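Remarks on the overall topology
Here's the letter readout for the chains.
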Amino acid sequence: MDNEISNVKHDGRSPKEKYVHSVFESIAGKYDMMNDILSFRRHKAWRKFTMNRMNMRQGDTAIDLCCGTCDWTISMAKASGTGEIVGLDFSEGMLEVGRGKVAKEGLQDHIRLVQGNAMSLPFADNQFDYATIGFGLRNVPDYMQVLREMKRVVKPGGMVVCLELSKPTWQPFKFLYYFYFEKLLPLLGKMFAKRYEQYKWLPESLKLFPGREELAEAFRQTGLQEVQAFSLTGGIAALHIGIKENLDV
Ligand SMILES: C[S@@+](CC[C@H](N)C(=O)[O-])C[C@H]1O[C@@H](n2cnc3c(N)ncnc32)[C@H](O)[C@@H]1O
C-alpha cells in the first residue's frame, strides 16, 4: 500500500475506505488465527477486561461497529442474555466468518448482522444501551464522525466504548514494540497468512491515529461524559469509555 491514502471522496467511498475494505476482504479467512499470533493472544485479555468494565445487564441492547468476525458481538450477546445485539461491518467476507461463529454458538436469533458503514449508521437516534467499536476506529476515514454516530444511536445514559491499539510511551518498551510492530509483524503476516502488504497496513493505520490522552479528549469533544481511558499491556492497546448525557436524572 502506498502512503498516499487520503480521505478525498470520489464515488461515495473515500480511498481509505476502499483500501481498508479490500484489506479485510482479503484476510477475512485468516483474521482470527492472525489475531492470536500477532497479539500473542493478548487481545483475549483486553476483551475480557473490557467486558468487565462494561458491566452489561440482562436485556441490554448493543451495536458493535466494525464487528468483523464477531468476537465482541458474541461476548455481548452472552452477557445480555435477551437484548438484541447488532453487529455492523462493511466487509461481507468478515461478516461471513462471523455468521458462522454466531451460528455455532446458537446465537443467530439474538444477534443481527448488518452490512453497513460505520460512518453513517442505518439506525435511529437513542436506540441502544451500548455502542462499541473494537480495533475499528483506527480504520475509518474520520474517527470523530464515527464517535458522533456512536453517541447518536445510544440512549441517554448509554455507553460508547472503544477498544483499540494505542501508542506505548515508555521509551525502552516503545523501541522494542515498534521494531516488532513495524518490521516483524508484516513478515509474520506474510509467513502465516501469505499477506505482506495487508499486514503492513496495521502499523500504517496507527501512525495517524491519536494516542490515549488525545482519544479521551476526542470523546469529550463529541460531548461524551465521565470519560475513562485505560492503558492495556504497557499502552499497546487502550480502552476508552464515555457516557451520553441523560437529562432525565
Ligand atoms: C481489525 S478488524 C476488527 C474486527 C472486530 N471488531 C474485532 O474486534 O476483532 C476491523 C473491522 O472494521 C471493518 N471496517 C473498517 N472500516 C469500516 C467502515 N467504515 N464501516 C464498517 N466497517 C468497517 C473491517 O471490515 C474489519 O472487519
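Residues numbered from 1 in each chain as written. Predicted model: local features only at pLDDT ≥ 70, side-chain atom pairs only at ≥ 80, totals over all residues. Heavy atoms only, no water.

Going by what an unreviewed UniProt entry lists, the chain is known as Demethylmenaquinone methyltransferase and is assigned to Paenibacillus campinasensis. The UniProt entry for the chain carries the following comment under Pathway (unreviewed entry): "Quinol/quinone metabolism; menaquinone biosynthesis; menaquinol from 1,4-dihydroxy-2-naphthoate: step 2/2." (UniProt positions renumbered as here; feature names shortened; annotations may be inferred.)

**Considering the overall build of the chain**
Along its length, the chain carries nine helices and seven strands. Against the compact-globule benchmark of 18 Å for 249 residues, the chain has a radius of gyration of 17 Å, which places it among compact chains. On the principal axes, the C-alpha backbone points of the chain span a range of 50 × 40 × 40 Å. Relative to its 249 residues, the chain shows a buried fraction of 52%. If you take every contact in the chain between residues at least 6 apart in sequence, the share linking residues at least 24 apart comes to 69%. In the form shown here, the chain has an accessible surface area of approximately 11900 Å², with 53% of it arising from carbon and sulfur atoms. Taking the average place of the 33 positive charges on the side chains of the chain and the average place of its 30 negative ones, the gap between the two points comes to 6 Å. (Helix = DSSP H or I, 4+ residues; strand = E, 2+ residues; numbered from the N terminus. Rg over C-alpha atoms; globule rule 2.2 N^0.38 Å. Buried < 20%, exposed > 50% of the residue type's maximum accessible area, 1.4 Å probe, protein only. Contact = heavy atoms within 4.5 Å. Areas by Shrake-Rupley, 256 points an atom, 1.4 Å probe, with all protein chains shown as cover. Lys, Arg positive; Asp, Glu negative; His and termini not counted. Charge placed at Lys NZ, Arg CZ, Asp CG, Glu CD.)

**Re the pairing of strand 5 (residues 154-165)**
Two faces make up the sheet, and in a regular strand the side chains alternate between them. Within strand 5, nine of the twelve residues are buried, leaving the element largely enclosed by the surrounding structure. For the crossover that starts at strand 4 (residues 128-134), traverses helix 6 (residues 143-153) and ends in the parallel strand 5, the hand is right-handed. (Right-handed = clockwise from strand over helix to strand, strands pointing away.)

**Focus on the pairing of strand 4**
Burial within strand 4 is extensive, with seven of its seven residues counted as buried. As paired elements, strand 4 and strand 5 share six bridges and run parallel to each other. Counterpart to Ala131 in the pairing with strand 5 is Val160. (Pairing = 2+ DSSP bridges.)

**Structural notes on the nonpolar core**
Of all hydrophobic cores here, the largest spans 79 residues; its most connected members are Met54, Ile63, Phe123, Leu137 and Val146. Per-element tally for this core: the top contributor is strand 5, with seven residues. Sequence-distant contacts of Val146, defined by excluding residues within four places in its chain, comprise Leu65, Ala118, Met119, Ile133, Leu137 and Val140. (Core = buried A, V, L, I, M, F, W, Y, C linked by side-chain atoms within 4.5 Å.)

**Structural notes on the site of the ligand**
In the vicinity of the ligand lie 19 residues, with Tyr31, Arg47, Cys66, Asp89 and Gly134 positioned nearest. One nitrogen or oxygen atom from the side chain of Asp89 is found 2.6 Å from an oxygen atom belonging to the ligand. When residues of the shell around the ligand are traced back to their parent elements, those giving at least two are helix 1 (15-27) and helix 2 (31-38). The class makeup of the residues in the shell around the ligand is ten nonpolar, seven polar and two charged. (Near = heavy atom within 4 Å. Polar contact = N/O pair within 3.5 Å; in protein donor to acceptor, adjacent residues only side chain to side chain. Nonpolar A, V, L, I, M, F, W, Y, C, P; charged D, E, K, R; others polar.)

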